[in-house]
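# Report on the structure
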Amino acid sequence: MRITNSMIHRQTISNMGKNLTRLQHYQNQISSGKELSKPSDNPLAFSKIFDLHSHIRVNEQFGTNIRDSIGWVDTQDSALQNAGDILHRVRDLVIYGANGTQSEADLQIIKDEIIQNIHGFKDVMNTNFNGKYVFGGQETTKPPFGFDGEDADKLVYNGNTVNLTREISKGVSVELLTSGAELVGEGDDSLGVLLSDIVKALEDGDQELLSGELLGKLDKGIERLLNGRAKIGGISNRLEGTEGRNNAEHLEMKTLLSSLEDIDIAEKYMEYSIMANVYQASLAAGAKIMQPGLMDYLR
Amino acid sequence: MSGLFTSLHTAKKGMNAQQLSLHTTGHNISNASTEGYSRQRVELKADRSFPLSGIGQLGTGVKVDAVIRTVDDFLTRQIREENSALSNYSTRAQILAEVEAVLNEPTDYGLAFSLSEVFGSWQELSKNPESLMAKTIVVQKSTGMAENFNGLIDRLERIEEKTETLIDTDLRQINTIVGNIESVNRQIAKITVTGNAPNDLLDQRDQLLKELSEFTDFQSKADQFGRANVVIAGVEVLTNEGEITAIDQDMAGDDYSRIMEGVKGGSLKAHLEGKAYLQQQLDELKGFAAEMANRFNTEHTDGVDGGHDFFLFEDGRLRVNSDIQEDPSLVLPGGNYESPDGDGTRAAAIANLRFEKFLDGKTLEEKYNSIVTGVGIDKQVTDKRASNQSALLDQMNLRREATSGVSLDEEVANMVKFQKSYEANARVMAIMTEMLDVLINRTGV
């Protein structure tokens, strides 16, 4: 093949251009720390990375939901603990009041303390989390427990009976126990009616009723509250388990993402230096080859 | 019979021939870096010999036969064809690069990110349905996403418009170049009728044809006067006789659409295809947004008396219902506007649209992923094709250069050769002069 000067020129320039393009590619990867900067660098990997980013964001959202729910459930648990303590105190007082040796004045004192405890119970059950009442069903902005207008000591439930749900992973939601009715009972069977009956029995001095039917009902009421608390504990366990899985998944996806997206700096740097050497060699060789011609040797 | 004067004449012819060769060498050297120049060579022949009876043929020196250019016409045509393919691929790659840049993925600013922000805000609203703040955030994130989407559409439409004007530019360029070819054709014909080869004009025309191949593919053939015609997609826009038909909407018959549909290479093809490609991407993105708006609205208004559509999709633009923008409390997280404050079931259902495969069996994010990845694949394939084509063309250009290129070393060597020959011829003449001197001044006196 006949070789001319401009062929050498052209080839040298085109090769240097190619080398410089590759050098720039590595340089771009090293400075960004990412394997690819646009979809066409590697569409298959891009698609996976895109998916992973989306899954990670979903996972993070669920993580937030889980942590919020845990906070909610913890608030409920400590509120119910207090409520349980109060009911136990009421039970002690009922037993105390059912004792035949109490004078009328004593009964009055007992009754007053029970009324105080009913108010305390109401306050505890009106606990809020982040401004939202935790035992009101879907009625989260109105205090769920209050007193009947006619009967000052009769605790009534104003919330609704729908439990709130939270999404904790894709297609999985957890039902928080937020319906106060489930904890205190409904209608004539409710704790509010029972407590006002107790107050009435103390007023009437009906110790038989106190020690018999009312004490039994109170035990059942306490048991119902404890059951609720146990259920909330179960939800808490489930949430914590899910949180663990959520974290593990997050870590797993982040690792996978990193393996697809991030560069191995040592490896890239090696490739970069090799390429830089090639480029410099092509520059040096180009400069040497392009210079001489027959003209240099003719006088 | 040969006399001294004949020998003197032979030397003169030799000097002449060497001088012409040297002149052509100079021409080659001065055009060493002229684009499209083919090296020229003076073709020398031994002149008609003189018969000497009983002795044989006596040479009468050199004859300058022709100045020829060394060119491989087949290769020139091949380069043209491959060049229009390269121009097609690389122009297409440029358009795709712009589309890819507009989509701007993977980043934290692209549509994918703002989509997930929207879903996140609905998820938060489902947990805080009583909060006006959460509703406002839903409206803000959704507005941001819609603006992001509209920006995407705006920019793609701008690229589409630009591509459309580039089609016109292509056509104008083609028409101009065809006009130039015609005028060179005329000059070529003037010289060829005299029986000479218009080397430099032929180079010039080949160069014009190569320029034309940047814009379109075409066929070209020269007639006996060296005039080349130009046929694009079966339509003869320049005849050998010099009749030009400008490519525009007013062309006779269906010639215009024949060209627009039949062109296979060059930037014209890339721009035509690019425009169709952009249209297709725009349709796909708009379909994506329309379907999304539709799905959100159904979920937001289903079973609600006096419900408000959340998104509006009009004229290819997405926006949050202006009523809701003005009054974020119209965002409905629960069953209906009378539902308890803590009811976030509807917001949860909308947040769960994220997982619903309502776009050709894909979720919103999967669909968007497939759109972006599709562009990435197209870009990658086109880049590869362009670089392969470029390598092929480099190879051909090297072959052309090997045949037609000017080698300075070769020219310098020739220069020495011709110079020495010239000197030798002059020497012969000097000897002849001496001989004549002997004959005229010193014989018989």
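Here the structure is a predicted model, which is why all the values come from computation and not from measurement.

### A few points about the overall build of chain A
- Each helix and strand in chain A was counted, giving seven helices and six strands.
- If you list the helices and strands of chain A from N to C, you get α-α-α-β-β-β-β-β-β-α-α-α-α.
- Whereas a compact globule of 299 residues would reach a radius of gyration of roughly 19 Å, chain A reaches 38 Å, over 25% beyond that.
- C-alpha extents for chain A along the principal axes are approximately 140 × 30 × 25 Å.
- Scored against the burial criterion, the 299 residues of chain A give a buried share of 42%.

### Section: empty space enclosed by the protein
- One pass over the structure, following the stated rule, counts one cavity of 30 Å³ or more.
- Its volume calculated, the largest cavity comes out at about 40 Å³.
- Surrounding the largest cavity, Val58, Gln61 and Phe62 of chain A together with Phe119, Gln123, Ala351, Arg354 and Phe355 of chain B form its lining.
- Broken down by secondary-structure element, the contributors of at least two residues to the lining of the largest cavity are helix H2 (43–98) of chain A together with helix H3 (111–127) of chain B.
- Among the elements that take part in the lining of the largest cavity, H2 of chain A stands out by supplying three residues, more than any other.

### Quick look at the side chain of asparagine 185 of chain B
Residue and element names in this part refer to chain B.
- Tracing the chain through its elements places asparagine 185 in helix H4 (residues 132–192).
- Note on asparagine 185: relative accessible area 3%, which makes it buried.
- A polar side-chain atom of asparagine 185 sits 3.0 Å from a polar atom in the side chain of arginine 205.
- When near neighbours in sequence (up to four residues on either side) are disregarded, asparagine 185 contacts Arg205, Gly226, Arg227, Ala228 and Leu238.

### Section: the pairing of strand E5 (residues 165–169) of chain A
Residue and element names in this part refer to chain A.
- Both E5 and strand E6 (residues 172–175) contribute to a ladder of four bridges, which runs antiparallel. Its bridge partner lying in E6, arginine 166 is registered against valine 174.
- Between E5 and E6, which follow one another and run antiparallel, lie two residues, and glycine 171 among them has a positive phi close to 75°.

### Looking at the pattern of salt bridges
All names here are of chain B.
- Within this structure, the stated rule accounts for 47 salt bridges over all chains.
- When the shortest N-O distance is used, the salt bridge between glutamate 98 and lysine 162 registers 2.9 Å. In this pair, glutamate 98 is assigned in helix H2 (residues 73–103) and lysine 162 in helix H4, connecting sequence segments 64 residues apart.
- The partly exposed category is assigned to glutamate 98, whose relative accessible area is 29%.
- Relative accessible area serves as the criterion here: at 39%, lysine 162 is assigned to the partly exposed category.
- The partner of lysine 286 in a salt bridge is glutamate 157, with the nearest N and O atoms 3.1 Å apart. Remark: glutamate 157 occurs in helix H4 and lysine 286 occurs in helix H7 (residues 266–301); sequence separation between them is 129 residues.
- It is possible to trace a salt-bridge network through shared partners that takes in Asp154, Glu157, Lys286 and Arg317.

### Description of H4 of chain B
- Over its 61 residues, H4 of chain B extends 88 Å from the first C-alpha to the last, a length consistent with the 90 Å expected when each residue adds 1.5 Å.
- Its side-chain oxygen 3.2 Å from the backbone nitrogen of methionine 133 of chain B, serine 131 of chain B forms the N-cap of H4 of chain B.

### Describing H7 of chain B
- Look at H7 of chain B: 52 Å from first C-alpha to last across 36 residues, which is about the 52 Å you get at 1.5 Å a residue.
- Glycine 303 of chain B, located one to two residues past H7 of chain B, shows a positive phi value of around 70°.

### Quick notes on the environment of threonine 382 of chain B
Residues and elements named next belong to chain B.
- Mapped onto the elements, threonine 382 comes out in helix H10 (residues 364–404).
- Spatially, the C-alpha atom of threonine 382 lies 9.6 Å from that of threonine 91, the residues being 291 residues apart in sequence.
- Setting aside residues up to four positions removed in sequence, threonine 382 forms contacts with Tyr89, Arg92, Ala93 and Leu96.
- Here the side chain of threonine 382 touches aspartate 378 through a polar contact of 2.6 Å, landing on its backbone oxygen.

### So, the interface of chain B and chain A
- Each partner contributes residues to the interface: chain B has 49 residues there, and chain A has 43 residues.
- Of the roughly 4,100 Å² buried between chain B and chain A on both sides combined, carbon and sulfur atoms contribute 55%.
- The three residues of chain B that bury the most area against chain A are Lys127, Phe355 and Leu398 of chain B, which together make up 15% of that side's buried surface.
- Between lysine 127 of chain B and aspartate 68 of chain A there is a salt bridge whose closest N-O contact spans 2.6 Å.
- Summed over the shared surface of chain B and chain A, the result is 24 residue pairs in polar contact (both at pLDDT 80 or more).
- The set of elements that each furnish at least two residues to the side of chain B that touches chain A consists of H3, helix H9 (345–351), H10 and helix H11 (408–442) of chain B.
- The element contributing the most residues to the side of chain B that touches chain A is H10 of chain B, with 16 residues.
- Of the residues that constitute the side of chain B that touches chain A, the class distribution is 16 nonpolar, 16 polar and 17 charged.

### Details of the confidence of the model for chain B
- Looking at chain B as a whole, its pLDDT mean stands at 93, while 99% of the residues score no less than 70.
- In the model output, the complex is listed with pTM 0.84 alongside ipTM 0.85.

### Comments concerning the nonpolar core
- Trp122, Phe296, Leu364 and Tyr368 of chain B are the most contacted members of the largest nonpolar core, which totals 58 residues.
- With ten residues, the single largest contributor to this core is H4 of chain B.
- Among residues more than four places away in sequence, those in contact with tyrosine 368 of chain B are Phe50 of chain A together with Leu103, Glu105, Leu111, Ala112, Leu152, Leu285 and Phe288 of chain B.
- In this structure, Ala98, Phe121, Leu202 and Ile232 of chain A belong to the second largest nonpolar core, which totals 48 residues.

### Overview of the layout of surface pockets
- Considered as a void within the structure, the largest pocket measures approximately 840 Å³ in volume.
- Together, 22 residues line the largest pocket, and Thr21, His25 and Asp41 of chain A together with Asp383 and Ser387 of chain B are the ones closest to its centre.
- Listing elements by their share of the lining of the largest pocket, those giving two or more residues are helix H1 (5–32) of chain A together with H10 of chain B.
- Ranked by residue count, the leading element in the lining of the largest pocket is H10 of chain B, at nine residues.

Calculation criteria
- Residues numbered from 1 in each chain as written.
- Chains lettered and ligands numbered in written order.
- Predicted model: local features only at pLDDT ≥ 70, side-chain atom pairs only at ≥ 80, totals over all residues.
- Heavy atoms only, no water.
- Helix = DSSP H or I, 4+ residues; strand = E, 2+ residues; numbered from the N terminus.
- Rg over C-alpha atoms; globule rule 2.2 N^0.38 Å.
- Buried < 20%, exposed > 50% of the residue type's maximum accessible area, 1.4 Å probe, protein only.
- 1 Å grid on protein atoms, 1.4 Å probe; cavity = no way out; pocket = protein on both sides within 12 Å on 5 of 7 lines; lining within 4 Å.
- Points joined across faces, edges and corners; volume = space filled by probe spheres on them.
- Polar contact = N/O pair within 3.5 Å; in protein donor to acceptor, adjacent residues only side chain to side chain.
- Contact = heavy atoms within 4.5 Å.
- Pairing = 2+ DSSP bridges.
- Salt bridge = Lys/Arg side-chain N within 4 Å of Asp/Glu carboxyl O.
- Expected span 1.5 Å × (residues − 1).
- Buried area = accessible area lost by both parts, 1.4 Å probe.
- Nonpolar A, V, L, I, M, F, W, Y, C, P; charged D, E, K, R; others polar.
- pLDDT = per-residue confidence, 0-100.
- Core = buried A, V, L, I, M, F, W, Y, C linked by side-chain atoms within 4.5 Å.

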